[in-house]
Amino acid sequence: METRSTITSLDEVLEHEDIHHRHKHKRNAERRWLPNLPLMLKPSVPKFSDPTQFRGWKIEIESMIRSEIYQKDILKQCVRNAISGEPRKVLSTLKATATLENILSTMESNFGDVKSGQSIMEEFYHARQNKEEDITSWGIRIEEMIQRALEKGEIQENKKDEILRTKYWKYLRNSELKNATRVFFENSLTFEELRKRVRREEQEMTVSQERNEHTKQINTMQLDQQFRILNDLTEKLQSMQKQLDVLTQEKVARKDNRSENVTRDYKRYDNRPQSVNRRMFSRGRGYSGNRGPYRGRRPLPQDVYHRDSNSQHHLNGNQL
């Protein structure tokens, strides 16, 4: 039984190896009989309808040609299909057998840059960063000018970086940013490194300014609240002052009315006949002065009361 099991396991291993060998041989035979077909890829060519965008479009097509990824016939047909609008009228002047190089050359003569290298460099030296232009757009604009001048043969390749970094840093509009990045410019960094440091410094300054503005907004809100409270207090004080003025006027008016009444009484007294005044203030025979309560005049009821009460008091005193 041990011998049989050993033989069975060996047969299984040999059978597995034989199956694997047969599959491998079959795959090799299929590869040997397959023809060598080239790689067929359809390129994604950008559309071209605006003549002002010709330079960027031309750079993309030249990059596809130099990559050698696509077949030239396929690339040529895709380029023809990508041209539309006014530039497509140029294709009618070309033959059907025109190559891709012929198409690009004709497009260059119609929509390419016709400025001389000297004119481009003059434009470069007069360029300044615009008021609404950020530092990234400013760097791209001068770099494009230098590249055009380089294509025209106006400057040399080894001088490109130094001209760019000097122009880029020297004509930055933000003087604070310029002073903060002076050390990077003086350390003779490349244009790409200098642009990266300037952008980083600008971002840090922007974050700092936003933080300061947030603090100012908080302070402004607190000041507004304090001013609001102060205005409320001022309005209340003004209201109280108005009420005080009204009370003062009423008091003065009452005082004036009282004075008028007194004056009216005095006038009425002065208008009495002379005989009445003389009879009231004359000291005749019946005037008693301080010599007794009844002399010179008739006794009053209260006088009788006081007299009776005094007599009773005296009587009670006598009884006690």
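- For the chain, the name recorded in an unreviewed UniProt entry is Paraneoplastic antigen Ma-like C-terminal domain-containing protein, with Dreissena polymorpha as its organism.

## Details of helix 4 (residues 100-111)
So, step 1. The terminal C-alpha atoms of helix 4, which comprises 12 residues, lie 16 Å apart, in line with the 16 Å expected from a rise of 1.5 Å per residue.
So, step 2. Restricting attention to buried positions, one finds in helix 4 the residues L100, I103, L104, T106, M107 and F111. Buried positions in helix 4, seen along its axis, are confined to an arc of 165 degrees and lie on one side of it.
So, step 3. Buried residues belonging to helix 4 abut helix 2 (54-67) and helix 3 (72-82).

## Concerning the nonpolar core
So, step 1. Grouped together as the largest cluster of nonpolar side chains are 23 residues, with contacts concentrated most on F124, Y168, L194 and V198.
So, step 2. Listed by contribution, the elements that provide at least two residues to this core are helix 5 (117-125), helix 6 (135-151), helix 7 (160-170), helix 9 (182-186) and helix 10 (191-270).
So, step 3. F124 has contacts with I142, M145, I146, I163, L164 and K167, leaving out every residue within four places of it along the chain.
So, step 4. The next biggest cluster of nonpolar side chains, apart from the first, holds 20 residues, and it includes F54, A98, I103 and F111.

## Thoughts on the packing of aromatic side chains
So, step 1. The full count for this structure, using the stated rule, is seven aromatic pairs.
So, step 2. Where F48 meets F111, the ring centres are 6.0 Å apart and the plane angle is 75 degrees; that geometry is what we call edge-to-face. Of this pair, F48 sits in the loop between helix 1 (2-33) and helix 2 while F111 sits in helix 4, placing them 63 residues apart in sequence. The same class applies to F48 as to F111, namely buried.
So, step 3. Aromatic side chains F124 and Y125 sit 5.6 Å apart centroid to centroid with 70 degrees between the ring planes, which places their arrangement in the edge-to-face category.
So, step 4. Taken together through their ring pairs, the aromatic side chains of F48, F54, W57 and F111 make up a single cluster.
So, step 5. The ring of F124 has K167 sitting right over it, with the charged end atom 5.6 Å from the ring centre.
So, step 6. The ring of W169 is capped by K178, whose NZ or CZ atom sits 5.1 Å from the centre of that ring.

## Some remarks on unusual backbone geometry
So, step 1. One non-glycine residue with positive phi stands out, namely E68, at about 60 degrees.
So, step 2. Considering the arrangement of structural elements, one finds E68 in the loop between helix 2 and helix 3.
So, step 3. Even without being glycine, S188 reaches a positive phi, approximately 60 degrees.

## Structural notes on the side chain of K160
So, step 1. By secondary structure assignment, the location of K160 is in helix 7.
So, step 2. Although K160 is buried, it makes no salt bridge; E157 carries the closest opposite charge, 4.6 Å away.
So, step 3. When residues no more than four places from it in sequence are discounted, the contact partners of K160 are I146, Q147 and L150.

## Topic: the layout of surface pockets
So, step 1. In this structure, the largest pocket spans a volume of roughly 490 Å³.
So, step 2. Lining the largest pocket we find 17 residues, and of these F54, R55, G112, D113 and R148 sit closest to its centre.
So, step 3. Put simply, the parts of the chain that give the lining of the largest pocket at least two residues each are helix 2, helix 4 and helix 6.
So, step 4. It is helix 2 that contributes the most residues to the lining of the largest pocket, six residues altogether.
So, step 5. Taken together, the residues of the lining of the largest pocket sort by class into four nonpolar, four polar and nine charged.
So, step 6. Approximately 180 Å³ is the volume found for the second largest pocket.
So, step 7. By residue number, the principal contributor to the lining of the second largest pocket is helix 10, which donates four residues.
So, step 8. Across the lining of the second largest pocket, the residue classes break down as four nonpolar, five polar and six charged.

## Some details on the packing of helix 3 against helix 4
So, step 1. As a packed pair, helix 3 and helix 4 sit with axes 9 Å apart at the nearest point and diverge in direction by 30 degrees. With respect to each other, helix 3 and helix 4 are oriented roughly parallel. On the side of helix 3, the interface is formed by K72, L75, K76, V79 and R80, while helix 4 contributes L100, E101 and I103.
So, step 2. Looking at the contact of helix 3 with helix 4 residue by residue, the class counts come to four nonpolar, no polar and four charged.

## Regarding a positive patch on the surface
So, step 1. On the surface, K251, R254, K255 and R258 cluster together into a positively charged patch.
So, step 2. With respect to the secondary-structure elements, R258 resides in helix 10.

## Brief notes about the pattern of salt bridges
So, step 1. Throughout the structure, instances matching the rule amount to 10 salt bridges.
So, step 2. Between K58 and E108 there is a salt bridge, with its nearest N and O atoms 2.8 Å apart. Residue K58 is found in helix 2, and its partner E108 is found in helix 4; the two are separated by 50 residues along the sequence.
So, step 3. E162 serves as the salt-bridge partner of R165, at 3.5 Å between the closest nitrogen and oxygen. Placement of both R165 and E162 in helix 7 is noted, with a separation of three residues, approximately one turn of the helix.
So, step 4. Classification of E162 as partly exposed rests on a relative accessible area of 44%.
So, step 5. One salt-bridge network, held together by shared partners, links K58, E62 and E108.

Rules used throughout
- Residues numbered from 1 in each chain as written.
- Predicted model: local features only at pLDDT ≥ 70, side-chain atom pairs only at ≥ 80, totals over all residues.
- Heavy atoms only, no water.
- Helix = DSSP H or I, 4+ residues; strand = E, 2+ residues; numbered from the N terminus.
- Expected span 1.5 Å × (residues − 1).
- Buried < 20%, exposed > 50% of the residue type's maximum accessible area, 1.4 Å probe, protein only.
- Arc of directions from axis to C-beta.
- Contact = heavy atoms within 4.5 Å.
- Core = buried A, V, L, I, M, F, W, Y, C linked by side-chain atoms within 4.5 Å.
- Phe/Tyr/Trp six-rings, centres within 6.5 Å; stacked < 30°, edge-to-face > 60°.
- Lys NZ or Arg CZ within 6 Å of the ring centre and 35° of its normal.
- Lys, Arg positive; Asp, Glu negative; His and termini not counted.
- Salt bridge = Lys/Arg side-chain N within 4 Å of Asp/Glu carboxyl O.
- 1 Å grid on protein atoms, 1.4 Å probe; cavity = no way out; pocket = protein on both sides within 12 Å on 5 of 7 lines; lining within 4 Å.
- Points joined across faces, edges and corners; volume = space filled by probe spheres on them.
- Nonpolar A, V, L, I, M, F, W, Y, C, P; charged D, E, K, R; others polar.
- Axes fitted to C-alpha atoms, helices over the stretch in contact; angles between N-to-C directions.
- Parallel < 35°, antiparallel > 145°, perpendicular 65-115°, else oblique.
- Patch = residues over 30% accessible without salt bridge, like charges linked within 9 Å, V, L, I, M, F, W, Y side chains within 5 Å.
- Areas by Shrake-Rupley, 256 points an atom, 1.4 Å probe, with all protein chains shown as cover.
- Charge placed at Lys NZ, Arg CZ, Asp CG, Glu CD.

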